Amino acid sequence: MLCSSYTLGIFDNEINLECRGRSYKNVTLTAYFPSYDEDYEEGLLDMNGQPLRTLQDFLDDRNQYVTLAMDKKLRIPYGTPVCIPELNQHFGHRIRIQVRDTSSELTGTGFSRADICYLKLKNI
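If you're wondering where the values come from, they're calculated on a predicted model, not measured in any experiment.

Quick word on the environment of T102
Relative to the helices and strands, T102 is located in the loop between β5 (97-101) and β6 (113-117). Given a relative accessible area of 22%, T102 falls into the partly exposed group. Put simply, T102 and T67 are 35 residues apart on the chain and 10.0 Å apart in space, counted from C-alpha to C-alpha. Contact partners of T102, with chain neighbours within four places excluded, come to M47, A69, M70, D71 and K72. One polar contact links the side chain of T102 to the main-chain carbonyl oxygen of M70, over a distance of 2.7 Å. Reaching out from T102, the side chain makes a polar contact with the backbone nitrogen of K72 at a distance of 3.3 Å.

Quick word on the packing of aromatic side chains
Counted by the stated rule, this structure contains one aromatic pair. Taken together, a centroid distance of 3.9 Å and an interplanar angle of 10 degrees make the contact between Y24 and F111 stacked. Taken together, the residues span a long stretch of sequence, with Y24 in strand β2 (residues 22-32) and F111 in the loop between β5 and β6 at a distance of 87 residues. Taking relative accessible area as the criterion, F111 reaches 27% and is therefore assigned partly exposed.

Overview of the pattern of salt bridges
Overall, the coordinates contain four salt bridges when judged by the stated rule. Taking the shortest distance from any N to any O, the salt bridge between D57 and R62 comes out at 2.5 Å. With a relative accessible area of 51%, R62 lands in the exposed category. Two residues, D115 and R113, come together in a salt bridge whose shortest N-O distance is 3.1 Å. As far as the burial class goes, D115 and R113 line up, both buried. Three or more residues joined by partner-sharing salt bridges are found here, namely D57, D60 and R62.

As for unusual backbone geometry
The backbone phi angle of N26 is positive, close to 55 degrees, even though this residue is not glycine. The residue N26 is located in strand β2 in this model. Residues other than glycine seldom take positive phi values, yet R75 does so here, at roughly 55 degrees. Along the chain, R75 falls in the loop between β3 (66-69) and β4 (80-83).

Considering the nonpolar core
By size, the foremost hydrophobic cluster in this structure holds 15 residues, and its most contacted members are L29, V66, L68, L87, I95, I97 and I116. In this structure, Y32, L52, A69 and C117 belong to the second largest nonpolar core, which totals five residues.

Some remarks on the side chain of D101
Mapped onto the fold, D101 is located in strand β5. Buried D101, no salt bridge; nearest opposite-charge side chain is R100, N-O distance 10 Å. A distance of 2.9 Å separates a polar atom in the side chain of D101 from a polar atom in the side chain of Y32. If sequence neighbours within four positions are ignored, D101 has contacts with Y32, L45, D46, M47, L52, T67, L68, A69 and M70.

Cut-offs and rules
Residues numbered from 1 in each chain as written. Predicted model: local features only at pLDDT ≥ 70, side-chain atom pairs only at ≥ 80, totals over all residues. Heavy atoms only, no water. Helix = DSSP H or I, 4+ residues; strand = E, 2+ residues; numbered from the N terminus. Buried < 20%, exposed > 50% of the residue type's maximum accessible area, 1.4 Å probe, protein only. Contact = heavy atoms within 4.5 Å. Polar contact = N/O pair within 3.5 Å; in protein donor to acceptor, adjacent residues only side chain to side chain. Phe/Tyr/Trp six-rings, centres within 6.5 Å; stacked < 30°, edge-to-face > 60°. Salt bridge = Lys/Arg side-chain N within 4 Å of Asp/Glu carboxyl O. Core = buried A, V, L, I, M, F, W, Y, C linked by side-chain atoms within 4.5 Å. Lys, Arg positive; Asp, Glu negative; His and termini not counted.

In structure tokens, the structure reads:
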């Protein structure tokens, strides 16, 4: 669990890793994982039936963005870009994140929590 801030908005330029737009502080960022259970195909799809995009796949240049889940009561439009300056600083470049999912666990949390799609590695 990471306590951070995020901004609904766009990026300045590739050199500046800061975010601009409306800022929200003390946001709890948690991870959720695509479900690769063969009996539950919906676990691989976002709220519009598109494939979930993980942070790892973005970092490996296999995706153009990372899926973020937020409270559906906020009515944030599908595909809205989100900027998390702490992630940008940690990885040394912009992490392109888009709100494309939700869950019942996020209902009522408002802007205090967001879930980022993260690849869970199987136990060996």
